[in-house]
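Structural overview for review
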Amino acid sequence: MQELRDAPLAPLTTFRLGGPAARLVTATTDAEVIAAVREADADGTPLLIVGGGSNLVIGDKGFPGTALRIATRGYELVGTRLELAAGEVWTDAVARTVEAGLAGVECLAGIPGSAGATPIQNVGAYGQEVSSTITEVVAYDRRAGETVALTGEECAFSYRHSRFKADPERYVVLRVRFELEDAGGLSAPLKYAETARALGVEPGDRVPLADARETVLKLRAGKGMVLDPEDHDTWSAGSFFTNPILADADFAAFHARVRERLGEAVEPPAYPAGTGHTKTSAAWLIDKAGFTKGYGSGPARISTKHTLALTNRGAATADDLLELAREVVAGVREAFGVTLVNEPVMVGVEL
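All values reported here derive from a predicted model rather than from experimental measurement.

Parameters and conventions
- Residues numbered from 1 in each chain as written.
- Predicted model: local features only at pLDDT ≥ 70, side-chain atom pairs only at ≥ 80, totals over all residues.
- Heavy atoms only, no water.
- Helix = DSSP H or I, 4+ residues; strand = E, 2+ residues; numbered from the N terminus.
- Contact = heavy atoms within 4.5 Å.
- Areas by Shrake-Rupley, 256 points an atom, 1.4 Å probe, with all protein chains shown as cover.
- Lys, Arg positive; Asp, Glu negative; His and termini not counted.
- Charge placed at Lys NZ, Arg CZ, Asp CG, Glu CD.
- Patch = residues over 30% accessible without salt bridge, like charges linked within 9 Å, V, L, I, M, F, W, Y side chains within 5 Å.
- Salt bridge = Lys/Arg side-chain N within 4 Å of Asp/Glu carboxyl O.
- Buried < 20%, exposed > 50% of the residue type's maximum accessible area, 1.4 Å probe, protein only.
- Phe/Tyr/Trp six-rings, centres within 6.5 Å; stacked < 30°, edge-to-face > 60°.
- Pairing = 2+ DSSP bridges.
- Expected span 1.5 Å × (residues − 1).
- Arc of directions from axis to C-beta.
- Axes fitted to C-alpha atoms, helices over the stretch in contact; angles between N-to-C directions.
- Parallel < 35°, antiparallel > 145°, perpendicular 65-115°, else oblique.
- Nonpolar A, V, L, I, M, F, W, Y, C, P; charged D, E, K, R; others polar.

This part is about the overall build of the chain. Counting secondary structure elements, the chain contains nine helices and 18 strands. In terms of its C-alpha atoms, the chain occupies a principal-axis envelope of roughly 60 × 50 × 40 Å. Across the chain, contacts joining residues at least 24 apart in sequence account for 61% of those joining residues at least 6 apart. Carbon and sulfur atoms form 49% of the exposed surface of the chain, whose accessible area is close to 15,400 Å². Separation of charge centres in the chain, based on 35 positive and 47 negative side chains, amounts to 2 Å.

See below:
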């Protein structure tokens, strides 16, 4: 294991901001990961798990304990069964499954970060979520002091949520196992209307896997959601807020606020989200509350390509970012009575 003291964490995140860690350990095997976790737990040292850093907001004071960077590698494909080590680069793994002619994660192309993070957030985009293909997650259970294998059902997946996110201090993901589909080189049925339109087909249709992946990459790039060191619109955590899921009564009150503010003819986005609940669009709320693309005058601003991404224009601090995020949350709440919730994990800071 590699160990550094007073180690910068900003370069390990896609936001490129935040202070240092008192200690940074880089683990390249599952055994090293477990050893580092056990050591921190035995000493009572605060522990921060770092994968691809695409979902982290680290405070300017940094992290006072041990940051454990998981850099394990492992890609094993047998038939339609795929196993990824937690440190595998997710978007590279997706590309390899497409090359192998297997469907199930092709619309998750271009998402930054590591494979181990995908079950924590139940990563999803363009009509796919990892929960639909994950069969098992191998993790170190800090409470039990042993390695466990949790089935997809035991992971308790829901929208951008899981058992791991609900109990963040308990599990450290080591490996993720998937069951993909051999559809003769075709994608899974397309569920997202924007993807289908871009491909000139109807929702529910299948298309060649490579076409689906390339189309998603182009759509993501157009929104600043594919990492590019030269493009500050990609110095972000992707979608900073989750799409609100509202109970029926709350959605009715929100709907009334929309008509009062924007006119009787305006209908907000609305998607079924289980019995008695409706999901609406955080990006729509932000835009209609007056925070348009490129909003802001400081070093942290809304992306010029997508209202859901808050970005570091090159010299932002975590405080700059949080000031902007709080302004957006307050503005949306005042306009529509809906409170946005951050998607990235906050380390040493909060909204």
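Picking up after the structure, the text goes on.
This part covers a negative patch on the surface. On the surface, D60, D319, E323 and E327 cluster together to form a negatively charged patch. Within the fold, D60 resides in the loop between β4 (56-58) and β5 (63-70). We classify D60 as partly exposed; its relative accessible area is 33%.

All chains considered together, the criterion is met by ten aromatic pairs. Where Y126 meets Y192, the ring centres are 5.3 Å apart and the plane angle is 75°; that geometry is what we call edge-to-face. Within this pair, whereas Y126 is found in the loop between β8 (124-125) and β9 (128-129), its partner Y192 is found in the loop between β12 (171-179) and α5 (193-199), the two being separated by 66 residues in sequence. Judged by relative accessible area, which is 37%, Y192 ranks as partly exposed. With a centroid separation of 5.9 Å and 40° between ring planes, the pair formed by W284 and F336 is classed as tilted. With W284 in helix α8 (residues 282-288) and F336 in helix α9 (residues 318-336), the pair connects residues that are 52 residues apart, well separated along the chain. You can call F336 buried: its relative accessible area is 1%. Each residue in the set F251, F254, W284 and F336 is aromatic and connected to the rest through ring pairs, giving one cluster.

To continue, consider the sheet that holds strand β15 (residues 277-279). One open sheet accounts for three strands, arranged β13-β15-β14; its pairing is antiparallel. Edge positions in the sheet fall to β13 (245-247) and β14 (271-272), since each has one partner strand and no second. Relative to β15, β14 runs antiparallel, the two sharing two bridges. Residue pairing across strands places P272 opposite T278, the latter belonging to β15.

Right, let's talk about helix α7 (residues 248-262) for a bit. For α7, with 15 residues, the first-to-last C-alpha span of 21 Å sits near the 21 Å given by 1.5 Å per residue. Of the positions making up α7, those classed as buried are F251, F254, H255 and V258. What you see down the axis of α7 is that its buried residues fit within an arc of 105°, all on one side. Exposed side chains of α7 directed beyond 90 degrees from the buried face belong to A249 and E260. Close packing links the buried residues of α7 with β13, β15, α8 and α9. Following α7 by one or two positions, G263 has its phi on the positive side, about 115°.

Glancing now at the packing of α7 against α9. Think of two packed helices as two axes; the pair is described by the angle between the axes and how far apart they sit. Between α7 and α9, the least distance of the axes is 8 Å, while the angle of their chain directions is 90°. One way to sum up the angle between α7 and α9 is to call them roughly perpendicular. On the side of α7, the interface is formed by F254, R257, V258, R261 and L262, while α9 contributes R333, E334, A335 and F336. Grouping the constituent residues of the contact of α7 with α9 by class yields five nonpolar, no polar and four charged.

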